Each structure stands twice: as structure tokens, then as C-alpha cells.
Amino acid sequence: MTQSHLPRLVVAAPSTGQGKTTVATGLMAALRARGLEVSGHKVGPDYIDPGYHAVATGRPGRNLDPHQVGEERIAPLLLHGARGADVAVVEGVMGLHDGRLGTDGFASTAHVAALTRTPVVLVVDVSRMSRSVGALVAGMAAYDPAVEVVGVVLNRAGSARNVEEVRRSLRLPVLGVVPREESLATPSRHLGLVPAGERDEAADLVARLGEHVAKHVDLDAVLDVARSAPALEAVPWDPTREVTPAAGGPVVAVAGGRAFTFAYAETEELLAAAGCRVVRFDPLTDRSLPDGTQALLLGGGFPEEHARELARNTALLAQVRDAVRSGLPTVAECAGMLYLLDSLDDTPMAGVIGTSAAMSERLVLRYPVARAVGDSLLARAGEEVRGHEFHRTALTRAARGWTPAWEVDRELIGVASPTLHASYLHVHWAGHPHLAQRFAEAAAAAVPVAAPPLAAPEPTVVEPHEPADPLLHHGDREVGPGLLDLAVNVHPEPRPAWLERALAEGVRASTSYPDPTAARTAIAELHRRRPDEVLVTAGAAEAFELVARWKQWRHVVVVHPQFTEPHAALERAGHRVTVVHCRAEDGYRLDPAAVPEDADLVVLGNPTNPTGVLHPAAEILRLRRPKRVVLIDEAFIDTVEGERESLAKDRRRGLLVVRSLTKHWSLPGIRVGYVVGNERSIAGLAARQVPWSVSTPAIHAAIACTGPAAVAEAARRAARIAGWRSVLLTGLVERGVEVVDSQASFVLARLGSGTREALRERGIAVRRADTFPGLDGTWARIAVRPPETTGLLLAELDGVLDGVLGGVLDREHAPA
């Protein structure tokens, strides 16, 4: 044994949800910003928090899990991960003393703190407590003499009076008082936080966390705590002492990218020590496995969030299927196993393992000892490993013809063979280095995967009839040179002179940074609200992004069919969306009873795009619940005469209304819209808005479009649209076309299969509707236009329908 002096501290809490990740990650970033080399560690098996630690420290995030690696390896792994660091910050798991059930706290934060003789700083959420904090902290500190609790960070602090009351109740030093800051929340997903690797703004978020913590926590006091930690009598873990190099330096392809973010750094270090050349690839974007691949490692992640993108990479899926079936040594954990199934949530996958999986309501969370059922690529019959399972998917049926990989709690899971090992179980190979040794030896003996045949390059432009992602397909994709545009819902008449003057003035004023204050005031006056109840946005699209990233929504519901951008924004923010369909037999009208009671965010349009259905305001208000936000997209409400059923002036809590000025005022290139709601909601959204996101011309347009002249012109335009719409509806119905009763500037019509494409060939562009959830290719959305334009559409439609009828008659009278 040697003595190693490593300044270190553990950031713990009385329970989950106190803000450990926020404070721990912020501390790492703040200390690094001071010029210190910081190593980040996480108690337990979690993959996601270490991803944020890596962003904060610039070093791999590390796990300290006695269950998976054994007590004897905890201090060595801590020293290994902290090589060259000035300080180590260890984030705890759950409550300080919460460990594996039935083991009296084994693998708890307290257990790791005791094993590593590391002082503990408690993070306590004081938003709903005062003097009780003192009793809580005193109990936590005294509960286990082997654990040294040395200080407290008060999190989500409110008033100064309450903070002072809390301070007086404590017998330990207060190292920081961190106020509530909703803009720094990390969005949740069904397994916890959204991985840093899936968040484009992760670096910015972590930097802001660091600034926030540096402002409110005494970093010098924190460093004093870390430096008070005694020397560790342990030898740093070294992967070269755990495995023997295999011959030939085989290439091991390791899945990465946004869909496969779960990995322990020590796994790759063991493989490298075993002589392998580890090469990462991204199953979302790479068309083939790395050159010379002799083994494949598919780790964990969220493939269900990226299933459609994974399925589109058919070249890689085919190569993986053929290679694994041909004996390529392959290890697949959880998400990796899902990638090898026939399908995931009805989306085709690689098709190696003959079964499918789907999302379920049940969360599987266990921390088991697993026993190998038979000899396989990784394990030998009867061998035991310690791992963890954490997933919401379930196999639709057992895979036939395979030997199970493990027996866990008397249940057989996964599949195994001499060349494949796949299951839901995650295993930390530092605790079982023989797994890495066997995998490396199998790789060295394997034949490299043949390079796929050269194929024609993929087209860089997706045709309108082949949307890359249905949720991201919009009407502007349908138009083109020589086409009469009935696909885009922008008002066809010229912009009013007063609006042109406002835009020109906005351009002249663009030498200064934009200030939306006057626009907020103008919009507030229009809707009889206060300015702090209005947020001006760069179109409705920015509003949807802000709402998606505002809170850690637990259950998001989008009512379809409707404009798909809110749905796409929620998915980009890491939320899993529940779809509630308005039914055709009900005329696509809202049924509030169909929305799940536990939904905390419900999104719908009014009038709805693409159906044009105008839902009664009273029906929408039936959706209100305590702690639920109802987001109404009123982008087309200004095309409705009298803006009836609008809720923009309704100041009841829980309502957010999004408006767009794009369509009615022909401003798609200016990008201007707004959100109205109660002041706390608007403040929460504003905190997430990028500075100066709304341009000066857009601000001038917003002011102009809410003035008296605009109100009068908007009413005149709505009346003209109603007349134009009547001409279109009558013409369609007379031709036997099924239509939905629209109140907007477009009509949803069931033209039949192939009719939209035939119209396009005749020079008419209408909006495909099969990219809206709940509709198929027989439907199309047709923009309302003046009667002379509608006449051109109807004439070409007659030609298409006559051709279809003629073809039917020809077939009916053809000789037998």
C-alpha cells in the first residue's frame, strides 16, 4: 500500500431531488474555471450524471460502485480517475444512507464516503423548510460515525428571512446559499436526466451552472474541506495489471453518438490494455463499421428516442446484421440489444435476435447478482457478475433458439452464444476484468468484417414525397419553380403599406441591439394584459422550443393531428410524447376526457392545423388541472372572424397561448410571434431565451401588427378568407371530395391516393397530410386562395379525377 494525498469531497443529500447534480456539476465547473484540474465521480451505476461531469471537468466522468466493482476497488478507482487532478468531487446517489435494498446501506453514498475517508457536504433543498433543516442535518451527520459530514449547501433558497432561520438551526458551517434558478434545470427523460451527449447546449448549461455556483458558494471553504481529507492508503487502479495484451491489435468498434451515450470509461481502458484498438462509430450517421472491425461493442443509451433515425441508416443495419450473424464477436447491453432486435416500437432494427421490444409503463430497476446460464463469448456456466438494470422497454416475447445470457432473480434474460452476448444487464468490467480479456481474445481470433460494396452516394436533397422526418416536414417543402402554391398558408395579398414602412424603419434602426419592450407593451394592450405577461419570440417555433426546455415535464401530451413543430421541439428536448388523437368520426374535435389525468403539459392547436377545426374555448378550459400547463397554438386564430374561441385574453393560471404573425401578415422570413400567460410562466420562458433572438425589424413588425390599423385590416382579411374558403369547400364537395369543416385559411380534403402527386405533375402544389400523426396519404391540406386561383385548382382536379374515372371504366369494360 502507498499513501496518496488527494483533496476530495463528497456532495450528498438527504434524498433524491435536493439538487445534488446541479451543485456537484456546478462545483466542478467553478473549480475548473479557477484553473484547477478537477476530476468528477459518481456514486452508483448511473451513466448520465458522469456525462455532465465530463463536460464540467474536461475529463472522463467516473463511477464508484461497490456493488459492481467490489469494496476493495473503490479507493483504487478513485485514485485512478483522479490521476493528475488537484481536487476530486464525488456526487452521491439518492439519499446519503440509501443503498442496495436489504443490505443496510451497501453501495450507498455513505458507504463510498467511508471507504474513501472523504468528507461530506450536504445539499439541502430549503424551499419548503426552515428550522427543520437543522434537525434533518443533525440526524444525517450523527447517524453513522464512520461518515464525516462537515458542511451544508442550502439549495433553492428563497427569502433572506428564511435563510437566516435555517442558518440559526444548523450546527455545521453553511458553505453556500444557492437561490432557485429554473433556467438551469436539466430536462428529464423516462430514466432520469437527458444525457449530456444528447444536448447540444450541454456545454453552455454547465458553464452557467459553474457561474451560478461560484456566485453563491464559498469555493475557498469548499477547497478547505477537500484538503482536509486524509491520505488514502491504496494503489491506483491500473488496467494493465488486470488483463494481458491479445495479439494483433484487433479493432473493436464501439457504438457512440447521441443514441449510445452509456459507457464506463474503464471498459475502453481495459480493452486498450488488452491490446485492442478501440474505434468509435455513430450508428446514426456512419454508413459502415470502422475498417477492419473484428469485434463490436454496443453499449447503452436511448435508442427508442432515435429509432427512426437509426432505422433510416439501412446500410449500417444490413452490415451489422450480416456481420453478427456470421460470427463477429459482439457484446450488446440494453440499448445495444434493442438495436439487434427485429424491431423497436414497430421500427425496424438490425434483425439479428428474432424478437421485438416496445416501451412499457413499467420501469425495471434492479441491482442484481446474475449467474451465467451457459458458456458464451463473455461468461462460463455458473459464473456470477454484479450489475444493474434500468429500462422501460420490454421484449414482446422471448427470443427462440438462443441460450439465455443470465439468470437474474430466477428469471432468464438476454441471449448468448460463442460469438454474441446481449441482455438488459449493464456490467462494470473493472469489477470483472476477465470479461474484457475474453472479448479481446475473441476479437484477436476473428476475421475482420469485409468493407461494404461501394454504393452510389446518398442524395443530399430529400424529395417532397420522401420527408426525412415527418415531424419536420412543412408546406414550404412542397413548393418549387413552376408550381402554383396551395401548400403554404401565408396570406397571398400584398403587405399593407403601414407594415412595409414599419419593416423599413426596423431595418434602419438595426444599428442598435434589439429591445422588445415596446412590442411587449403593444401586444399586452391588444390582449388587455400586463407587459410581464407577454414574451416576444422569433416566430411561434421559438416559443415551442422554450416551452419544451422550460421544465422537467413528467408526462407530455400532444393532441393530433396538429402542427408538428411543438411535438418535434419536445422530442429534441428529450421528452417522450404521448399522442392523443382527435378521431375522424368526431370531426377531429377535441375530447378532453381522452387526455391522461397525470399529463402536466398538454399541447393543442386552435384552430388546428391541418384540420381547420375550431375547438370551443370552454372545451379547452376543461383540460385545466392543478400543476398542468395547457399550451394553445393560436397561429391561425387571426384568420377566424372575430377571433372567437381565443384564450389570449384569459388570465387563468396554467394557460399559455402562442401566436404567430407569420401567416396573416406574410412575414415568414421575418420570424415574429409571441407567448401570453401568467407572469411567472413568462419569466420562466424568458430565462431560457437566447439574448436578442428577436430582430429589430421583427419588433417593429410586432408593434405595427397590433395597432388599430392592423386590427381593422385583420378583420377585413378574415372576412375575405371566409368567403374564399366557402368557394373552395363548395367546389370540393361538388366533386365528391370529403372535407373537414374548416374555420381557418386552409381546408383538409380527402383527395384519394395519388391525387396530390397527380396535381403536382399538373403544376399545382398542395400540402401532403400523411406527415401529420393520425392522417394518411389520402388526405391533403389545401390553402385558401382567391376564387380565381381556386378555379385553377378545381380545373386541374377535374382533369385528375376524370383520368381516374376513365381508367376505372376502361378496366370494367375490358374484355375478359
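Just so you know, these numbers come straight off a predicted model, no measurement behind them.

Caption draft 1: Representation of the overall build of the chain. When helices and strands are tallied, the chain shows 24 helices and 37 strands. Over its C-alpha trace the chain gives a radius of gyration of 30 Å, about what one expects of a compact globule, namely 28 Å for 816 residues. By principal-axis analysis of the C-alpha atoms, the chain measures approximately 90 × 80 × 50 Å. For the chain, the proportion of its 816 residues judged to be buried stands at 57%.

Caption draft 2: Structural detail: the sheet that holds strand 30 (residues 601-605). Pairing is mixed across the open sheet formed by 7 strands, whose spatial order is 27-33-32-31-30-28-29. The open sheet has two free edges, formed respectively by strand 27 (534-537) and strand 29 (577-581), since each of these has just one partner strand. When strand polarity is set aside, the average angle formed by the axes of neighbouring strands in this sheet is 20°. Pairing of strand 28 (residues 556-560) with strand 30 involves 3 bridges; the strand directions are parallel. Its bridge partner lying in strand 30, Val 558 is registered against Val 603. Its contacts with the sheet put helix 16 (residues 517-526) on strand 27 and strand 33 (673-676), and the angle it makes with strand 27 is roughly 125°.

Caption draft 3: Focus on the nonpolar core. Judged by nonpolar contacts, the single largest core of 71 residues is most densely connected at Val 252, Trp 406, Trp 429 and Phe 439. In this structure Val 252 touches Leu 271, Cys 276, Arg 277, Val 278, Val 279, Ala 295, Leu 297, Phe 439 and Ala 443, once residues within four positions along its chain are discounted. Within the second largest apolar cluster, 51 residues are counted, among which are Leu 623, Val 672, Val 694 and Ala 701.

Caption draft 4: Structural context of a positive patch on the surface. On the surface, a cluster of positive charge is made up of Arg 128, Arg 180, Lys 551, Lys 627, Arg 653 and Arg 680. Tracing the backbone through its elements, the reader meets Arg 180 in the loop between strand 8 (174-179) and strand 9 (188-189).

Caption draft 5: A look at the side chain of Arg 628. Tracing the backbone through its elements, the reader meets Arg 628 in the loop between helix 19 (617-621) and strand 31 (629-633). The buried charged residue Arg 628 lacks any salt bridge, with Glu 597 as its nearest oppositely charged partner at 5.0 Å. Polar contacts involving the side chain of Arg 628 include one to the main-chain carbonyl oxygen of Pro 596, which spans 2.9 Å. What Arg 628 contacts, discounting residues up to four positions off in sequence, is Val 595, Pro 596, Glu 597, Asp 598, Ala 599, Asp 600, Leu 601, Val 602, Leu 623 and Gly 654.

Caption draft 6: The packing of helix 15 (residues 497-508) against helix 21 (residues 696-704), seen in detail. Relative orientation of the contacting elements helix 15 and helix 21 amounts to 150°, with a least axis distance of 7 Å. In terms of orientation, helix 15 lies roughly antiparallel with respect to helix 21. Crossing of helix 15 over helix 21 shows right-handed handedness. Mapping the contact onto sequence places Trp 498, Leu 499, Ala 502, Leu 503, Glu 505, Gly 506 and Val 507 in helix 15 and Thr 696, Pro 697, His 700, Ala 701 and Ala 704 in helix 21. Looking at side-chain class alone, the contact of helix 15 with helix 21 contains 8 nonpolar, 3 polar and 1 charged residues.

Caption draft 7: Expanded view of helix 8 (residues 202-216). Here helix 8 contains 15 residues, and its C-alpha end-to-end distance of 21 Å stays within 8% of the 21 Å for a straight helix at 1.5 Å per residue. Taken as a whole, helix 8 has its buried residues at Ala 202, Leu 205, Val 206, Leu 209, Gly 210, His 212 and Val 213. Take helix 8 and look down its axis: the buried residues cluster within an arc of 165°, on one side only. In this structure, helix 8 carries Ala 203, Glu 211 and Lys 215 as exposed residues pointing more than 90 degrees from its buried face. Residues of helix 8 that are buried sit in contact with helix 1 (20-33), helix 2 (48-57) and strand 8.

Caption draft 8: Molecular detail of the sheet that holds strand 6 (residues 120-125). Read from one edge of the open sheet, 7 strands run 4-3-5-2-6-7-8, paired in parallel fashion. Looking at the sheet topology across the chains shown, the edges are occupied by strand 4 (62-64) and strand 8. Across the sheet, the mean angle separating the axes of adjacent strands is 25° when strand polarity is ignored. Across 5 bridges, strand 3 (residues 38-43) lies against strand 5 (residues 87-91) in parallel orientation. Bridge assignment links Gly 40 to a residue of strand 5, and that residue is Val 89.

Caption draft 9: Structural context of helix 6 (residues 132-142). Inspection of helix 6 places Val 133, Gly 134, Val 137 and Met 140 among the buried residues, and these make up the whole buried set. Down the axis of helix 6, the buried set is contained in an arc of 135°. They therefore lie on one face. With respect to the buried face of helix 6, the exposed residues turned more than 90 degrees away are Ala 135 and Ala 142. Where helix 6 is buried, its residues meet strand 6, strand 7 (149-157) and helix 7 (160-169).

Caption draft 10: Representation of empty space enclosed by the protein. For the coordinates displayed, the defined rule picks out 6 cavities of 30 Å³ or more. Its boundaries defined by the atoms lining it, the largest cavity holds a volume of some 180 Å³. Every residue lining the largest cavity is counted, 17 residues in all, and those nearest its centre are Ala 263, Thr 267, Leu 297, Gly 299 and Glu 333. Secondary structure elements with two or more residues in the lining of the largest cavity: strand 12 (251-255), helix 10 (265-273), strand 14 (293-298), strand 15 (330-333) and strand 25 (426-427). Its residues assigned to classes, the lining of the largest cavity comprises 11 nonpolar, 4 polar and 2 charged.

Caption draft 11: The arrangement of the pairing of strand 29 in detail. Pairing between strand 28 and strand 29: 5 bridges, direction parallel. Paired with Val 559 across the two strands is Val 580, which belongs to strand 29. You can see the chain leave strand 28, run along helix 18 (residues 565-572) and come back into strand 29, and the turn it takes is right-handed.

Caption draft 12: How the structure looks around the environment of Asn 489. Within the secondary structure, Asn 489 is located in the loop between strand 26 (484-486) and helix 15. Assessed through its relative accessible area of 7%, Asn 489 is described here as buried. It is 9.7 Å that separates the C-alpha atoms of Asn 489 and Ala 744, two residues lying 255 residues apart in sequence.

Definitions and limits used
Residues numbered from 1 in each chain as written. Predicted model: local features only at pLDDT ≥ 70, side-chain atom pairs only at ≥ 80, totals over all residues. Heavy atoms only, no water. Helix = DSSP H or I, 4+ residues; strand = E, 2+ residues; numbered from the N terminus. Rg over C-alpha atoms; globule rule 2.2 N^0.38 Å. Buried < 20%, exposed > 50% of the residue type's maximum accessible area, 1.4 Å probe, protein only. Pairing = 2+ DSSP bridges. Axes fitted to C-alpha atoms, helices over the stretch in contact; angles between N-to-C directions. Contact = heavy atoms within 4.5 Å. Core = buried A, V, L, I, M, F, W, Y, C linked by side-chain atoms within 4.5 Å. Patch = residues over 30% accessible without salt bridge, like charges linked within 9 Å, V, L, I, M, F, W, Y side chains within 5 Å. Areas by Shrake-Rupley, 256 points an atom, 1.4 Å probe, with all protein chains shown as cover. Salt bridge = Lys/Arg side-chain N within 4 Å of Asp/Glu carboxyl O. Lys, Arg positive; Asp, Glu negative; His and termini not counted. Charge placed at Lys NZ, Arg CZ, Asp CG, Glu CD. Polar contact = N/O pair within 3.5 Å; in protein donor to acceptor, adjacent residues only side chain to side chain. Parallel < 35°, antiparallel > 145°, perpendicular 65-115°, else oblique. Left-handed = near helix turned anticlockwise from the far one by under 90°. Nonpolar A, V, L, I, M, F, W, Y, C, P; charged D, E, K, R; others polar. Expected span 1.5 Å × (residues − 1). Arc of directions from axis to C-beta. 1 Å grid on protein atoms, 1.4 Å probe; cavity = no way out; pocket = protein on both sides within 12 Å on 5 of 7 lines; lining within 4 Å. Points joined across faces, edges and corners; volume = space filled by probe spheres on them. Right-handed = clockwise from strand over helix to strand, strands pointing away.

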